[in-house]
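Reading the structure
Here are the chains, one letter per residue:
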Amino acid sequence: MDAVKSLGKSLVASPERQLEANSDLAIVRRVQEGDVAAFDQLVLKYRGRVYGVVYNMTSNREDASDLTQDAFIKSFQSINRFQGQSAFFTWLYRIAVNSTLTHLRKNRLRTFFSFEKINEDDKVSAEVIAALTDNTGADQETFARELQEKLNEAMQKLSIRHRTVITLFEIDGLGHQEIAEIMNCSVGTVRSRLHYAKQLLQAELQPYIRR
Amino acid sequence: MNDTPRKTTVTLEDLLRVKRAEQPPVEFWADFERGMRAKQLAAIVEPRPWWAPFIRVGARIARYQLPVGATAILAITLFTLREYQPVNSNPVFESTVTEMGNHVVPMPVASKLDVALVMPAATSPVVAAAEPAPTAAASGSRTVQPVPSAATAVGAVSHVAMVNAELSSARYMADKMADNLAAAQASDSNLDQMLGHSLRTMDNLPPRSEPLAQISVPGESRLYRLLGGSVQSVSVGSGDSALRLNAQAARHLTERRISESDVISRLAVGGNRLTVKF
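Criteria and cut-off values
Residues numbered from 1 in each chain as written. Chains lettered and ligands numbered in written order. Predicted model: local features only at pLDDT ≥ 70, side-chain atom pairs only at ≥ 80, totals over all residues. Helix = DSSP H or I, 4+ residues; strand = E, 2+ residues; numbered from the N terminus. Buried ≥ 20, exposed ≤ 12 C-beta atoms within 10 Å, placed from the backbone. Contact = placed C-beta atoms within 7 Å. pLDDT = per-residue confidence, 0-100. Core = buried A, V, L, I, M, F, W, Y, C linked by C-beta atoms within 7 Å. Axes fitted to C-alpha atoms, helices over the stretch in contact; angles between N-to-C directions. Parallel < 35°, antiparallel > 145°, perpendicular 65-115°, else oblique. Left-handed = near helix turned anticlockwise from the far one by under 90°. Nonpolar A, V, L, I, M, F, W, Y, C, P; charged D, E, K, R; others polar. Arc of directions from axis to C-beta.

A word on the overall build of chain B
Scanning chain B from terminus to terminus reveals 11 helices and four strands. Classification of the 278 residues of chain B by burial places 10% in the buried group. The contacts in chain B between residues at least 6 apart in sequence include a share of 58% that link residues at least 24 apart.

Pasting the structure below:
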């Protein structure tokens, strides 16, 4: 069992992630021992990231909210079965991603978009929007909304698995190994899907790419 | 936004960073917290269904579905191949034994019916004994060669054994053909006998005659009985009794005519008179 635990921990990418995983495990142990309130710490810590992943997979804020809540509830119900063989956030992400995949498969024909606003304080996005509107003279807010719609349309044109990979890698910033753990596939598969998804997105978003 | 430094190139990663910047407002999390709390309480209060453990067990078994299914298909295939393996590569002759006098002749099934049809039942009983290998079917003058049985063909048959079996089979077939020829000749003689008997029987039949000639003319009494009514009325035409009968008949005829139809006839018979109305 110790070997399995060490293997699971070795899959965590960086030392920061290792520390994070250790602290999460301590909180999980407390919850397992009956300290239900300790679970709120985990919710507060991961709700933004989990919501971001689910939102970028569904492009619907209401669905994303429900699915994020469901993922936390499921993890709370099953927390006694969590043995620490992987990082808590990997386990939580897996629950969230699987719930979202199930939801997307069930509602494949029903797709409604409802977008969040682009955070104006984010420097990189501000730079990108400024660069794209530099010569056109268009209103940045209007252009930002248009770009947001195009980005979400391009994401929705990807298959569910490709969308998941690109979301976890490019938007959430996870490593290949972590994505492979979450999606229960090999690292090679992750890389392949990532490459293919990027190719498709590049083709879809060609008018917005400046070289 | 206008104070941000200029960026000349925009890559796909940059565009996806814009996507990353899509974040919910702060007040969203208050609603999220409230909904989360409600769901958490509901999950604690709500009893788990009785079949929940079975789902867990099913999920564990599900990962072995592919190997178990493949093994089952392989086992069924092997079993089927073993069960339906051809018993013998050589043709197996189903033969019948026809006893003709003191001569036992193995005959093919196809010729059995023909022989049975031409042979009289009393004189040549046909013994239909379906024997796959008539090894012991031998009469005093003839020994029938054995045909390799099904048991010897199952499993691995060596090449020499197969050649021997083919030779013996060919010899057996030749014997059978000779026997069939003899049986056919015997049946021909029986057929001749039967045909001769039937021809003789036909000779003893009476000579053929015309059907109308066979009908006898009825006698006079019968003729009179058949034509009694009309003959009677004609024969009693004279005398009182004849007149009385004639009058009765005429009255009866008139009454019947009147009762049957409303048409009044121009002829009327009354007593000795016949009235004709113009």
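Brief notes about the overall build of chain A
The helix and strand tally for chain A stands at 10 helices and zero strands. Ordered by position in the sequence, the α and β elements of chain A form the string α-α-α-α-α-α-α-α-α-α. Burial analysis of chain A (211 residues in total) assigns 36% to the buried set. Look at the contacts in chain A between residues 6 or more apart in sequence, and 68% of them connect residues 24 or more apart.

Quick look at the confidence of the model for chain B
Residues and elements named next belong to chain B. On average, residues of chain B carry a pLDDT of 67, and 51% of them reach 70 or more. Of all helices and strands in chain B, the one with the weakest mean pLDDT is helix α5 (residues 109–118) (43), whereas helix α4 (residues 65–83) scores best (89). The low-confidence segment residues 94–155, where pLDDT is below 50, has 103 contacts with residues more than four positions distant or belonging to other chains. Predicted as a complex, the structure gets a pTM of 0.52 and an ipTM equal to 0.81.

Brief notes about the nonpolar core
All names here are of chain A. In terms of nonpolar packing, the biggest core is built from 55 residues, with Val 50, Val 54, Leu 92 and Ala 96 touching the most fellow members. A per-element tally of this core places helix α3 (residues 39–58) first, with nine residues. Ignoring any residue separated from it by four or fewer positions in sequence, one finds Val 50 in contact with Thr 68, Ala 71, Leu 92, Tyr 93 and Ala 96.

Comments concerning the packing of helix α4 (residues 61–77) of chain A against helix α5 (residues 88–106) of chain A
All names here are of chain A. As a packed pair, α4 and α5 sit with axes 9 Å apart at the nearest point and diverge in direction by 130°. The angle between α4 and α5 places the two elements in the oblique class. Classified by chirality, the crossing of α5 by α4 is right-handed. Residues Asp 63, Leu 67, Thr 68, Asp 70, Ala 71, Lys 74 and Ser 75 of α4 pack against Leu 92, Ile 95, Ala 96, Ser 99, Thr 100 and His 103 of α5. Taken together, the residues that form the contact of α4 with α5 break down as five nonpolar, five polar and three charged.

Structural notes on the interface of chain A and chain B
Counting from both sides, the interface comprises 40 residues of chain A and, opposite them, 28 residues of chain B. Sorting the residues of the side of chain A that touches chain B by element identifies α3, α4, α6 (123–132), α7 (140–157), α8 (160–171) and α10 (187–204) of chain A as the ones contributing at least two each. If you tally residues by element for the side of chain A that touches chain B, the top one is α6(A), at nine residues. The residue inventory of the side of chain A that touches chain B, partitioned by class, reads 20 nonpolar, nine polar and 11 charged.

Some remarks on the packing of helix α9 (residues 176–183) of chain A against α10(A)
Residue and element names in this part refer to chain A. Put simply, α9 and α10 touch, their axes get as near as 8 Å, and they point 105° apart. Regarding the angle of α9 to α10, the classification is roughly perpendicular. Two secondary-structure elements touch here, α9 through His 176, Gln 177, Ile 179, Ala 180 and Met 183 and α10 through Val 187, Val 190 and Arg 191. Among the residues forming the contact of α9 with α10, the class breakdown is five nonpolar, two polar and one charged.

Observations concerning α6(A)
Every buried residue belonging to α6(A) is among Ser125(A), Ala126(A), Val128(A), Ile129(A) and Leu132(A), and all of these are buried. Here the buried residues of α6(A) occupy an arc of 165° about the axis, which is enough to place them on one side. Buried positions along α6(A) lie against α7 of chain A together with α1 (12–20) of chain B.

Overview of the environment of Ala21(B)
Mapped onto the fold, Ala21(B) is located in the loop between α1 and α2 (26–45). Apart from residues no more than four positions distant in its own chain, Ala21(B) is found in contact with Ile118(A), Asn119(A), Asp122(A) and Ser125(A).

What about α9(A)?
Residues and elements named next belong to chain A. Buried within α9 are the following residues: Glu 178, Ile 179, Glu 181, Ile 182 and Met 183. In this structure, the buried residues of α9 make contact with α5, α8 and α10. Looking one or two residues past α9, Asn 184 carries a phi angle of roughly 55°, positive in sign.

Some words on unusual backbone geometry
All names here are of chain A. The backbone of Ser 59 sits at a positive phi, close to 60°, despite the residue not being glycine. Note that Ser 59 resides in the loop between α3 and α4. Classification of Ser 59 as buried rests on a count of 24 C-beta atoms within 10 Å. One non-glycine residue, Asn 184, lies in the positive phi region at around 55°. Mapped onto the fold, Asn 184 is located in the loop between α9 and α10.

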